[in-house]
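What the coordinates show
Chain by chain, the residues run as shown.
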Amino acid sequence: MDRTERRRIAEALVLGSPDPISVARIADIIPYCKPAEVRQLIDELNTEYVKQGRAFEITEVAGGYQLRSLPEFAPYLRQTLKVRPLRMSQPALETLAVVAYRQPATRAEVEHIRGVDVGAVLRSLIERKLVRIAGHRDVPGRPLLYATSKRFLEVFELASLEDLPTLRDLQELAPEGALVIDTDADPAPSSDVPEQVAPSPE
Amino acid sequence: MTTSEPSASPHTATSVSPYGVKLHAFEGPLDLLLHLIRINELEITDIPIARVAEQYLEYLEVMREFDLDLDVAGEYLLMAATLAWIKSRMLLPVERDEEGEEVDPRAELVARLLEYQRFKEVASELGERRLLGRDVFDASAPGPVGPSEAEREVEISIFELVEAFRSALRRAGPSGAPHEIEVETVTVQERMVAVMEAMGTRDTIEFDAVLSAEDGQLVHRAVIVATFLAVLELTRLEALRIFQGLNGNGVPQGPIHLRRGEDAAATNWRGRIAGSM
């Protein structure tokens, strides 16, 4: 099986999978194919698409590959939609951003950062499957914990959470010596500290 | 960027959208404070609290006049109180903590502002990404199973529903013939069950069909009223959704359809109806 054939199999897999298909999965299916080769095959395909002036490309989202149309064709594709095109309001984006960087986070933590009630926004994000309930925090009241979903990565074209835009450093925002900021006062746990999460009843 | 007429809406920031000038309210007290800091060209870590607090209250006053953000008024007022508290503490002799360091009464607020600011920044970065369903579209996923044929989903306003209701009323018999003695009582709950049963195993049914009798007979007005309320209640319980088709110009037209809800609510409608009463 030559290179071209393997490339075509990879293309078919990306095209035909209902969900983004991972490197590992493609490597499994194509005989004697290593993950590194899968990445090369995908790169070659994308290069081919650009050369041929195709209207689509293979994008890495949510830990897998997906064939997606190029943004310049959005005005045409929107007309084929059965539902209204996706809209992201400012409150929704801000709430998503806080949940994304602070997950798992309680509603109170999100509200502390945004300074407003986020109940309705959170509900609508859950309804749109961008945010999920990730369990309870084991403190009195057992507040629900919210986290972003795989769908969030898909919609925002993120390969993984590490792909999120970098949150600016607080020190960078506050000039040196201007003010001592007590980071311990921050009620939200830092996301790099693993947290004991009680399993969700669902 | 354009500037709004100060007399018209000093409480909002303006931005130009393809659809003309769009006004938007602030996202909350922190957003308003950041705006004040920006327009006054202040250093976020050294806010003149008295001045900012005064301006903050002025904005609040205007917002109240325009009845804006009434649902979040409490959050804005809480911040006003915080600003007043910080202002008063600034007048007191400098406090020191256990280590003898000066305590800036503004420190906590500044920390919150900085924190909010960086999330606001990434939020707009996220919003500028290529979004699936807005900027890019995927090839393989079947997509949400939408309404079939040429019928696209639109939100039906209460007016269209009321219009359909009125035409059903017009078709209905008189509101009770003078000689009629027997009064049939109809409950909304009964009609809810009837609507769901009329749907049977179908996924959709015409709204008109549930408002008229199967045998084409005149339906009593009370039944129509109860049915109308039943449909609203079933929608609220998410057992039903209401749709209308669009014509070529994207204008809602044609019969209104009731569609079975998508989740458990739809299958367990009996439980839902029983539980709602």
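Residues numbered from 1 in each chain as written. Chains lettered and ligands numbered in written order. Predicted model: local features only at pLDDT ≥ 70, side-chain atom pairs only at ≥ 80, totals over all residues.

Across its full length, chain A carries nine helices and six strands. Within chain A, the fraction of its 202 residues that count as buried is 30%. Contacts in chain A between residues far apart in sequence, at least 24 positions, make up 54% of those at least 6 positions apart. (Helix = DSSP H or I, 4+ residues; strand = E, 2+ residues; numbered from the N terminus. Buried ≥ 20, exposed ≤ 12 C-beta atoms within 10 Å, placed from the backbone. Contact = placed C-beta atoms within 7 Å.)

On to the overall build of chain B, then. Of the regular secondary structure elements, chain B holds ten helices and seven strands. Per-residue burial over chain B gives 26% buried out of 277 residues. Sequence-distant contacts, at least 24 apart, represent 61% of the contacts inside chain B between residues at least 6 apart.

So, about the interface of chain A and chain B. Counting residues at the interface gives 45 residues for chain A and 45 residues for chain B. Broken down by secondary-structure element, the contributors of at least two residues to the side of chain A that touches chain B are α1 (3-16), β2 (64-69), α4 (74-78), α5 (90-102), α6 (107-114), α8 (150-155) and α9 (170-173) of chain A. Of all the elements, α5 of chain A adds the most residues to the side of chain A that touches chain B, at seven residues. Counted by class, the side of chain A that touches chain B contains 30 nonpolar, six polar and nine charged residues. (Nonpolar A, V, L, I, M, F, W, Y, C, P; charged D, E, K, R; others polar.)

Residues and elements named next belong to chain A. With 18 residues, helix α3 (residues 35-52) should cover 26 Å at 1.5 Å per step; its first-to-last C-alpha distance of 26 Å lies within 8% of that length. Every buried residue of α3 is accounted for by V38, L41, I42 and L45. Buried residues of α3 fall within an arc of 95° about the axis and therefore sit on the same side. The outward face of α3, more than 90 degrees from its buried face, is lined by the exposed residues A36, D43, T47, V50 and K51. Positive phi appears at G53, one or two residues downstream of α3, with a value of about 65°. (Expected span 1.5 Å × (residues − 1). Arc of directions from axis to C-beta.)

All names here are of chain A. Of the strand pairs in this sheet, strand β3 (residues 105-106) and strand β5 (residues 144-148) are connected by two bridges, and their pairing is antiparallel. The residue of β5 that forms the bridge with A105 is Y146. As paired strands, strand β4 (residues 131-137) and β5 are joined by four bridges and run antiparallel to one another. Considered in β5, the bridge of I133 is made with Y146. Hairpin remark: β4 followed by β5, antiparallel, with six residues in the connecting loop; positive phi at G141, about 90°. (Pairing = 2+ DSSP bridges.)

Further remarks concern the packing of helix α1 (residues 29-39) of chain B against helix α4 (residues 107-127) of chain B. Residue and element names in this part refer to chain B. At a minimum axis separation of 10 Å, α1 and α4 run at an interaxial angle of 95°. With respect to α4, the element α1 is oriented roughly perpendicular. Across the interface between the two elements, L30, L33 and L34 from α1 touch R112, L113, Y116 and Q117 from α4. The residue inventory of the contact of α1 with α4, partitioned by class, reads five nonpolar, one polar and one charged. (Axes fitted to C-alpha atoms, helices over the stretch in contact; angles between N-to-C directions. Parallel < 35°, antiparallel > 145°, perpendicular 65-115°, else oblique.)

Residue and element names in this part refer to chain A. Across chain A, the average pLDDT comes to 85, with 84% of residues at 70 or higher. Per-residue pLDDT, averaged within each element of chain A, yields its smallest value for strand β6 (residues 197-198) (52) and its largest for α3 (96). Note on residues 176-196: pLDDT under 50 across the span, and 25 contacts to partners over four residues away in sequence or across chains. (pLDDT = per-residue confidence, 0-100.)

All names here are of chain B. Taking 1.5 Å per residue, twelve residues should reach 16 Å; helix α6 (residues 188-199) reaches 17 Å between its end C-alpha atoms and fits that length. Among all positions of α6, only R191, M192, V195, M196 and M199 are buried. Taken down its axis, α6 places every buried residue within 135° of arc, on the same side. Positioned one or two residues after α6, G200 has a phi angle of 55°, which is positive.

Turning our attention to the environment of Y116 of chain B. Tracing the backbone shows Y116 of chain B in helix α4. A tally of 24 C-beta atoms within 10 Å means that Y116 of chain B is categorised as buried. Residues Y116 of chain B and L34 of chain B, 82 residues apart in the sequence, show an inter-C-alpha distance of 9.1 Å. For Y116 of chain B, the contacting residues outside a window of four places in its chain are I113, R114 and G115 of chain A together with L30 of chain B.

Right, let's talk about the nonpolar core for a bit. If you look at the biggest cluster of nonpolar residues, it comprises 57 residues, and the most contacted ones within it are L96, A97, V98 and V99 of chain A together with L113 of chain B. Per-element tally for this core: the top contributor is α4 of chain B, with ten residues. Those residues in contact with V98 of chain A that lie beyond four places of it in its chain are A105, V110, I113 and R114 of chain A together with F119 of chain B. Judged by nonpolar contacts, the second largest core, of 22 residues, contains F165, M199, V231 and A239 of chain B. (Core = buried A, V, L, I, M, F, W, Y, C linked by C-beta atoms within 7 Å.)

Attention now moves to unusual backbone geometry. Backbone torsion omega between Q103 of chain A and P104 of chain A reads -5°, so that peptide bond is classified as cis. The residue P104 of chain A is located in the loop between α5 and β3 in this model. Not every positive phi belongs to a glycine, and A62 of chain A is a case in point at roughly 45°. For A62 of chain A, the position within the fold is in the loop between β1 (56-61) and β2. With a phi close to 50°, E41 of chain B is a non-glycine residue in the positive phi region. Tracing the chain through its elements places E41 of chain B in the loop between α1 and α2 (49-65).

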